[in-house]
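For reference, the chains in residue letters:
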Amino acid sequence: DVSFCGKRSRTSLSEARCLVAALDKEVEKAGGSIGPKISEAQLVELFRVGVEGLDIPLETPTGRPRNIDSLKWRTLVERGRKSMD
């Protein structure tokens, strides 16, 4: 129950669910599975597999390599929603 949270908190929860669903979908496409208990190293690897499936260019418009780990939350959410369509 998130009735005690403000409007923005509920929106953030919705965004998180959407992004996690997109990442889960990409991990499953790649043949991975997420269990109830996994190590931090496994989690990082599965995150990378999930992000690779999202529509995020690995180079910036200027040709520099893009650091996926440092993208803003909003960018990941937008890319996750696009990949769910």
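The coordinates are above.
Residues numbered from 1 in each chain as written. Predicted model: local features only at pLDDT ≥ 70, side-chain atom pairs only at ≥ 80, totals over all residues. Heavy atoms only, no water.

Draft legend 1. Expanded view of the overall build of the chain. Looking only at helices and strands, the chain has 3 helices and 0 strands in total. Going from the N terminus to the C terminus, the chain shows its helices and strands as α-α-α. Relative to its full complement of 85 residues, the chain shows a buried share of 21%. For the chain, contacts bridging at least 24 residues in sequence account for 51% of all contacts bridging at least 6. (Helix = DSSP H or I, 4+ residues; strand = E, 2+ residues; numbered from the N terminus. Buried < 20%, exposed > 50% of the residue type's maximum accessible area, 1.4 Å probe, protein only. Contact = heavy atoms within 4.5 Å.)

Draft legend 2. The pattern of salt bridges, seen in detail. Scanning all chains against the criterion turns up 1 salt bridge. Between glutamate 26 and lysine 29 there is a salt bridge, with the nearest N and O atoms lying 3.5 Å from each other. Here glutamate 26 and its partner lysine 29 are both found in helix H1 (residues 7–29), 3 residues apart, which amounts to about one turn of the helix. For lysine 29, a relative accessible area of 58% translates into the label exposed. (Salt bridge = Lys/Arg side-chain N within 4 Å of Asp/Glu carboxyl O.)

Draft legend 3. Region of interest: a nonpolar patch on the surface. Residues Ile34, Ile38 and Leu43 make up a contiguous nonpolar surface patch of roughly 260 Å² in combined accessible area. Within the element layout of this structure, isoleucine 34 appears in the loop between H1 and helix H2 (40–53). (Patch = residues over 30% accessible without salt bridge, like charges linked within 9 Å, V, L, I, M, F, W, Y side chains within 5 Å. Areas by Shrake-Rupley, 256 points an atom, 1.4 Å probe, with all protein chains shown as cover.)

Draft legend 4. Just the nonpolar core, in detail. Membership of the largest hydrophobic core is limited to 8 residues, which are Leu19, Ala22, Leu23, Val51, Leu54, Ile56, Ile68 and Leu76. Tallying contributions element by element places H1 first for this core, with 3 residues. (Core = buried A, V, L, I, M, F, W, Y, C linked by side-chain atoms within 4.5 Å.)

Draft legend 5. How the structure looks around the environment of threonine 60. The residue threonine 60 is located in the loop between H2 and helix H3 (73–84) in this model. One polar contact links threonine 60 to threonine 62, side chain to side chain, over a distance of 3.0 Å. (Polar contact = N/O pair within 3.5 Å; in protein donor to acceptor, adjacent residues only side chain to side chain.)

Just distances and angles here, no functional claims.
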